[in-house]
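Listed below, chain by chain, are the residues.
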Amino acid sequence: MEVPPHQIRAVHTPSTVTVYQAYSPVIGVPAARDGRFPTAWKRDRMTWIKPSFLWMMYRCGWGTKEGQETVLAVEITRDGFEWALRNSCLSSYVHGVHPDRATWQRQLKRSPARVQWDPERDLRLNPLPYRSLQLGLSGEAARRYADEWAVAIRDVTPLAHRIHALVRDGDLDSAARLLPSERPFPTPE
């Protein structure tokens with residue numbers, strides 16, 4: 001089965017969607033421990049959430065990059081995720097999608113969420129020929145994400161390290177069996 005060039009793939013239930021982020025232990029450890037983002041988490045900054053586990057592994061180097069040593073699986077409400085999608089703008093101008101660059105720039109300034117499509121990754125973190133969603137949340141969206149939409153926050157750093165060790169050892173089949181079971185997310189109209 002061929003994968004569309006742009007598709008949201010995520011672990012999701014009828015009421016939640018799991019996204020991934022990586023933080024320094026100062027933010028990540030208390031967030032996982034308490035099930036909510038600590039006051040040190042800046043609600044006034046843009047934060048990027050990723051439904052793709054492997055794209056997050058690419059971004060954080062399997063939880064080894066400085067400031068990204070704690071990998072979190074954040075289960076958020078489906079309603080919140082869909083609200084962010086409905087209130088988003090593409091992060092870059094696309095001729096034919098936007099009437100003109102100025103219209104896109106006005107929309108971007110007003111939108112509390114940004115959609116960015118980046119190449120999905122395989123287990124060796126090589127790019128694949130289709131793209132995965134990164135969703136940037138700012139202003140109202142970031143505050144809602146942290147204070148309303150987050151249902152559960154888990155530290156998945158040990159899982160990231162276990163999968164990475166299997167990949168390094170060349171045991172891709174065992175590594176693949178440990179991956180979160182992501183499937184296409186039906187985008188709202």
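Residues numbered from 1 in each chain as written. Predicted model: local features only at pLDDT ≥ 70, side-chain atom pairs only at ≥ 80, totals over all residues. Heavy atoms only, no water.

**Here we look at the packing of aromatic side chains**
Rules: To pair, rings of Phe, Tyr and Trp, with the six-membered ring standing in for Trp, must have centres within 6.5 Å; the planes then decide the type, stacked if under 30 degrees apart, edge-to-face if over 60, and tilted in the middle. Helix numbers and strand numbers start at the N terminus; a helix is a DSSP run of H or I with at least 4 residues, a strand a run of E with at least 2. In this scheme, a residue with accessible area under 20% of its type's maximum is buried, one over 50% is exposed, and one in between is partly exposed, where area comes from a 1.4 Å probe on protein chains only.
Tallied over the entire structure, the rule returns 8 aromatic pairs. Geometrically, the ring pair formed by Tyr 20 and Phe 53 is edge-to-face, given 5.4 Å between the ring centres and 80 degrees between the ring planes. Here Phe 53 lies in helix 2 (residues 53-60) and Tyr 20 lies in strand 2 (residues 16-23), a separation of 33 residues in the sequence. Assigned by exposure class, Tyr 20 and Phe 53 land together as buried. A ring pair is formed by Trp 55 and Tyr 58, whose centres lie 5.7 Å apart and whose planes are at 70 degrees; its orientation type is edge-to-face. Note that Trp 55 and Tyr 58 are positioned in helix 2 at a spacing of 3 residues, about one turn of the helix. Given a relative accessible area of 34%, Tyr 58 falls into the partly exposed group. Members of the aromatic cluster, each reached through a chain of ring pairs, are Tyr 23, Phe 37, Trp 41 and Tyr 145.

**Examining the sheet that holds strand 3 (residues 47-49)**
To keep it simple, the criterion reads: Following DSSP output, two strands are said to pair if at least two bridges run between them. Between N-to-C directions, angles span 0 to 180 degrees; the directions come from axes that are lines fitted to C-alpha atoms, helices contributing only their stretch in contact. Residue contacts follow a heavy-atom distance rule, with two residues in contact if any of their heavy atoms lie within 4.5 Å.
One open sheet holds the 4 strands; their spatial order is 3-7-6-5, and the pairing between them is mixed. Every other strand in the sheet has two partners, leaving strand 3 and strand 5 (88-90) as the edge strands with one partner each. Each adjacent strand pair in this sheet contributes to an overall mean axis angle of 40 degrees, direction not counted. On top of the sheet, helix 2 reaches strand 6 (113-121) and strand 7 (127-137); it is set at about 90 degrees to strand 6, its chief contact. Those strands touched by helix 3 (residues 78-86) are strand 5, strand 6 and strand 7, and its axis lies near 95 degrees from that of strand 7.

**Things to note about the nonpolar core**
To keep things clear, this is the line we draw: Buried Ala, Val, Leu, Ile, Met, Phe, Trp, Tyr and Cys residues form a nonpolar core when they are joined through side-chain atoms within 4.5 Å.
Ranked by internal contacts, the top residues of the largest apolar core, which has 30 residues, are Phe 37, Val 74, Ile 76, Phe 81, Leu 135, Leu 137 and Tyr 145. Where this core is concerned, the elements lending two or more residues are strand 2, helix 1 (25-34), strand 4 (70-77), helix 3, strand 6, strand 7, helix 5 (139-149) and strand 8 (150-155). The element that contributes the greatest number of residues to this core is helix 5, accounting for 5 residues. Here Phe 37 is in contact with Gln 21, Tyr 23, Ala 31, Arg 43, Leu 72, Val 74, Tyr 145, Ala 146 and Ile 153, once residues within four sequence places are set aside. Of all hydrophobic cores here, the second largest spans 18 residues; its members include Ala 22, Leu 54, Met 57 and Ala 73.

**Side note on the pairing of strand 7**
Bridging between strand 3 and strand 7 involves 3 bridges; their strand directions are antiparallel. Paired with Trp 48 across the two strands is Gly 136, which belongs to strand 7. Strand direction decides the pairing type here: strand 6 and strand 7, joined by 8 bridges, are antiparallel. Residue pairing for strand 7: Pro 119 is matched across the bridge by Arg 131. What sits between the antiparallel neighbours strand 6 and strand 7 is a turn of 5 residues, in which Leu 125 has the positive phi angle 65 degrees.

**Notes on the side chain of Thr 18**
Mapping Thr 18 onto the fold places it in strand 2. On the basis of relative accessible area, Thr 18 is assigned to the buried category, the value being 6%. Setting aside anything within four residues of it in sequence, one finds Thr 18 in contact with Ala 10, Val 11, Pro 51, Ala 73, Val 74 and Glu 75.

**Some thoughts on the environment of Gly 61**
Mapped onto the elements of the fold, Gly 61 is located in the loop between helix 2 and strand 4. Through-space distance from the C-alpha of Gly 61 to that of Leu 125 is 9.0 Å; in sequence the pair is 64 residues apart.

**Let's talk about unusual backbone geometry**
Phi at Trp 62 takes a positive value of approximately 60 degrees, unusual for a residue other than glycine. Examined against the element boundaries, Trp 62 turns out to sit in the loop between helix 2 and strand 4. For Trp 62, a relative accessible area of 4% translates into the label buried. Despite not being glycine, Leu 125 has its phi angle at roughly 65 degrees, a positive value. Examined against the element boundaries, Leu 125 turns out to sit in the loop between strand 6 and strand 7.

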